[in-house]
Amino acid sequence: MQNLDATIGYGRFILSGALATVELTIFSCALALLMAFLAGLALLSRSYSIRAVARIYVEFFRGTSIFVQLFAAYFVLPLVGISLTPVQAGVLAIGLNGGAYGSEVVRAGIQAVGRDQTEASIALNLTRWQAMWWVILPQAVVVMLPSFGNLAIEIMKATAVASLVTVSELTFQAQMVRSQTGETAIPFLLILVTYLVIASVLTALVRLLERRFSRGTAGA
Amino acid sequence: MDWSWDFVAQIMPALTQGLLVTVEITLVSSVVALVLGLLFALAKMSPVGSVRRVAIIATEGIRRTPLLVQLYFLFYVLPDLGILLSPFTAGVIGLGLHYATYTSEVYRAGINNVPVGQWEAARACNLTTRQTWTEIILPQAIPPMIPPLGNYVIAMFKETPILSAITVMDLMGEALAQANFNYRYLEPITLVAAGFLLVSLISAAIIKLLENHLNLRAA
């Protein structure tokens, strides 16, 4: 029975990492959402320089791997005087990376709203921001949600990489157990199942939002 | 912060060696992802209900768990079951299998996007199943698949640094080894980032050209 006790013991230890994984996912998703809307709107800006800055941000973060960005945030930023804790470096790298992918979703979503909507807003004498906030975005968000759901799962999966800069989330805890007890199968199966559960919760959450936001639109 | 060109010159041979390994991994795992993805897609469209369900559960399970954990699984757990894989083999299988679940969706969407009328017309013209596939369906289904498949190959290229976590000496592995040995992180990691950015931008431009070319032909 001692074996079982040991298993339960390190099982608890591993699951304590789930909290860090969820935390990292939520903060990174929040940063990614913010950056996605900022950069997505900037990509559609009338000013050439704003568009150029947004384009450089998007291409840079999509062009280099999340892995390299994380290591740059953790090992290179301190050299220019910005010291981050492992969690901060993780959120920064994963959030900015997710935001770059998300900005294209925002741009495509806004462009998918028919031109007639913009023209009707102009005819009603709405300002550009009123038109965007009250007319375009509410319709665009419905189009964006499924892609955002996929992005949230990608971000959740990317948090595993943060274990390599010593954030003590699920994968890190499992590696600790492996190096100290030599157990491999149970720790890794346990975290695989936990990741699946988190992903399923995320998917269900996005489905809920999709239903909420598509209320009152055609086809719902 | 002091950038040293001497140090850059010193680590360049190791990084070039790593870049070769990275390219090699990308090519081999692309083949794995493209072939396995097709098998997954066929299984997901199988007329047998149980095959379809198993394929969907397997691909969704792989898609929703991190690649890093799958690599650890292949590299640390399989040896306990008597299957010993080299880091390179484990990396290629892991990366290929992970992206096969993505490519399978591309195949499926490509085939489903061929209008039903084409199938019906093929039947009306009394074509055999084989003729229907090779002469009617695939010529229409394959061109729209090429840009998304190309994007996944680029995505796989960008994921290769993760393989350094299971001791594959790819570009990132070599860079980290040099960084740890000399305790200088600035140059190796910056060079790796620049290298990836360069290759990604060039390959994205090539895919864009390909896409325009295909659109022209379709129009």
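Chains are numbered independently. Their residues run from 1 in the order of the written sequence. Key to labels: chains lettered from A, ligands numbered from 1, both in the order written. With pLDDT at 70 or above as the cut-off, local features in this predicted model cover only qualifying residues; side-chain atom pairs require 80 or more to be listed or tallied, and sums for whole chains, interfaces and linings still use all residues. Note: side-chain values were computed over all heavy atoms of the structure, leaving out hydrogens and water.

1. Some details on the overall build of chain A
Secondary structure summary: chain A contains 8 helices and 0 strands in total. In DSSP terms, a helix is any run of H or I states spanning at least four residues, a strand is any run of E spanning at least two, and both are numbered starting from the N terminus. What you see in chain A, going N to C, is helices and strands ordered as α-α-α-α-α-α-α-α. If one aligns the C-alpha atoms of chain A with their principal axes, the spans along those axes are about 75 × 45 × 20 Å. Surface accessibility of chain A: about 11500 Å² in total, with carbon and sulfur atoms responsible for 67%. Residues counted as positive are Lys and Arg, residues counted as negative are Asp and Glu, and His and the chain ends are not counted. Here the site of a charge means NZ on Lys, CZ on Arg, CG on Asp, or CD on Glu. Computing the positive centroid from 14 side-chain charges and the negative centroid from 10, chain A places the two 9 Å apart. Here the accessible surface of atoms and residues is derived via Shrake-Rupley with a 1.4 Å probe, and residues count as covered only by protein chains that are part of the display.

2. Things to note about the interface of chain A and chain B
Contacts between chain A and chain B engage 37 residues on the former and 31 residues on the latter. For the pair chain A and chain B, the summed buried surface comes to about 3000 Å²; carbon and sulfur atoms form 76% of the total. When two parts are put together, the accessible area they lose, computed with a 1.4 Å probe and summed over both, is reported as buried area. When the buried surface of chain A facing chain B is broken down by residue, Phe67(A), Val68(A) and Lys157(A) rank first, second and third, together holding 18% of it. Think of a salt bridge as a Lys or Arg side-chain nitrogen and an Asp or Glu carboxyl oxygen that are within 4 Å of each other. Our count for the contact surface shared by chain A and chain B stands at 0 salt bridges. Polar contact is defined as a pair of N or O atoms within 3.5 Å, subject to the rule that within protein one atom must be able to donate a hydrogen and the other to accept it, and that residues adjacent in sequence are counted only when both atoms are side-chain atoms. Scanning the region where chain A abuts chain B turns up 11 residue pairs in polar contact (both at pLDDT 80 or more). Listed by contribution, the elements that provide at least two residues to the side of chain A that touches chain B are α2 (48-63), α3 (66-76), α6 (128-158), α7 (170-181) and α8 (185-213) of chain A. Broken down by element, the residue count for the side of chain A that touches chain B peaks at 10 residues, all from α8(A). For the side of chain A that touches chain B, the per-class residue count stands at 23 nonpolar, 9 polar and 5 charged. Working rule for contacts: check all heavy atoms of both residues, and any pair within 4.5 Å makes them a contact. Three categories are distinguished: nonpolar for Ala, Val, Leu, Ile, Met, Phe, Trp, Tyr, Cys and Pro, charged for Asp, Glu, Lys and Arg, and polar for the others, with Gly belonging to the last.

3. Observations concerning the packing of α7(A) against helix α3 (residues 67-77) of chain B
Fitting a line to C-alpha atoms yields each axis, with helices limited to the stretch in contact; the angle taken between N-to-C directions then spans 0 to 180 degrees. Axis separation between α7(A) and α3(B) bottoms out at 11 Å; the angle between their running directions is 15°. By the angle class used here, α7(A) and α3(B) are roughly parallel. α3(B) is crossed by α7(A), and the crossing has left-handed handedness. Every residue of α3(B) that contacts α7(A) at Thr171(A), Gln175(A) and Arg178(A) is listed here: Leu68(B), Val69(B), Tyr72(B) and Tyr76(B). Any angle from 65 to 115 degrees is called roughly perpendicular, while one under 35 is roughly parallel, one over 145 is roughly antiparallel, and all others are oblique. We call a crossing left-handed when the near helix sits turned anticlockwise from the far one by less than a right angle, and right-handed when that turn is clockwise.

4. Thoughts on helix α7 (residues 171-182) of chain B
For an α-helix, the turn length of 3.6 residues means that residues three or four places apart are oriented alike. To estimate how far a helix should extend, the number of its residues minus one is multiplied by 1.5 Å. An ideal rise of 1.5 Å per residue puts 16 Å on 12 residues; α7(B) measures up with 17 Å between its terminal C-alpha atoms. Each residue's exposure class comes from its accessible area (1.4 Å probe, protein chains only) as a fraction of the maximum for that residue type: buried when under 20%, exposed when over 50%, partly exposed otherwise. Along α7(B), the positions that sit buried rather than exposed are Leu171(B), Met172(B), Gly173(B), Glu174(B), Ala175(B), Leu176(B), Gln178(B) and Ala179(B).

5. Section: helix α4 (residues 87-112) of chain B
With 26 residues, α4(B) should reach 38 Å at 1.5 Å per residue; the first-to-last C-alpha distance of 37 Å fits that figure. Most pronounced at Thr101(B), the bend in α4(B) amounts to some 30°. Fitting axes to the seven residues ending at a residue and to the seven starting there, one defines the bend at that residue as the angle between these axes.

6. Quick word on the nonpolar core
Phe188(A), Ile191(A) and Ile162(B) are the most contacted members of the largest nonpolar core, which has 72 residues in total. When residues of this core are assigned to their parent elements, the largest contribution, 9 residues, is made by α3(B). Sequence-distant contacts of Ile191(A), that is, excluding residues within four places in its chain, are made with Ile14(A), Leu170(A), Thr171(A), Ala174(A) and Val69(B). The term nonpolar core refers to a set of buried residues drawn from Ala, Val, Leu, Ile, Met, Phe, Trp, Tyr and Cys, joined through side-chain atoms within 4.5 Å. Core analysis: the next-biggest nonpolar cluster, separate from the first, contains 13 residues, Leu137(A), Ala140(A), Met144(A) and Leu151(A) among them.

7. Examining the pattern of salt bridges
Taken as a whole, this structure holds 10 salt bridges over all chains when the rule is applied. Notably, a salt bridge pairs Glu105(B) with Lys44(B), separated by 2.6 Å at the nearest N-O pair. Of this pair, Glu105(B) sits in helix α4 while Lys44(B) sits in helix α1 (residues 5-44), and the two are 61 residues apart along the sequence. The exposure class assigned to Glu105(B) is partly exposed, which follows from its relative accessible area of 27%. When salt bridges with common partners are traced through the structure, they connect Arg55(A), Glu59(A), Arg62(A), Glu104(A) and Arg107(A) into a single cluster.

8. Overview of the packing of aromatic side chains
The way to describe two aromatic rings as a pair is by their centre distance and the angle between their planes. By convention, a stacked pair of Phe, Tyr or Trp rings (six-membered ring in the case of Trp) has centres within 6.5 Å and planes under 30 degrees apart, an edge-to-face pair has planes over 60 apart, and any other such pair is tilted. In this structure the tally under the stated criterion is 18 aromatic pairs over all chains. Taking the centre distance of 5.2 Å and the plane angle of 55° together, the rings of Tyr57(A) and Phe61(A) count as tilted. Here Tyr57(A) and its partner Phe61(A) are both found in helix α2, 4 residues apart, which amounts to about one turn of the helix. Note on Phe61(A): relative accessible area 15%, which makes it buried. Note on Tyr183(B) and Tyr185(B): the rings are 5.7 Å apart at their centroids and 80° apart in plane angle, and the pair reads as edge-to-face. On the basis of relative accessibility, which here comes to 66%, the residue Tyr183(B) falls in the exposed class. On the basis of relative accessibility, which here comes to 11%, the residue Tyr185(B) falls in the buried class. Joined through ring pairs, the aromatic side chains of Phe67(A), Phe71(A), Tyr74(A), Phe75(A), Tyr183(B) and Tyr185(B) make up one cluster. Just above the ring of Tyr76(B) sits the side chain of Arg178(A); from NZ or CZ to the centre is 3.5 Å. Criterion for a charge above a ring: Lys NZ or Arg CZ within 6 Å of the ring centre, and within 35 degrees of the ring normal. Residue placement shows Arg63(B) over the ring face of Tyr102(B); its charged tip is 4.7 Å from the ring centre.

9. Overview of a nonpolar patch on the surface
Patch membership is restricted to residues that have no salt bridge and whose relative accessible area is over 30%. Joining uses 9 Å for like charges and 5 Å for the nonpolar side chains Val, Leu, Ile, Met, Phe, Trp and Tyr. Nonpolar side chains collect at one region of the surface, where Val31(B), Val35(B), Leu38(B), Leu39(B) and Leu42(B) lie side by side and expose about 440 Å² of accessible area between them. Examined against the element boundaries, Val31(B) turns out to sit in helix α1.

10. Regarding unusual backbone geometry
One non-glycine residue, Asn125(A), lies in positive phi territory at about 65°. Mapped onto the secondary structure, Asn125(A) falls in the loop between α5 (115-123) and α6. Phi at Asn126(B) is positive, roughly 65°, even though this residue is not glycine. Position of Asn126(B) among the secondary structure elements: in the loop between α5 (116-124) and α6 (129-159). On the basis of relative accessibility, which here comes to 67%, the residue Asn126(B) falls in the exposed class.

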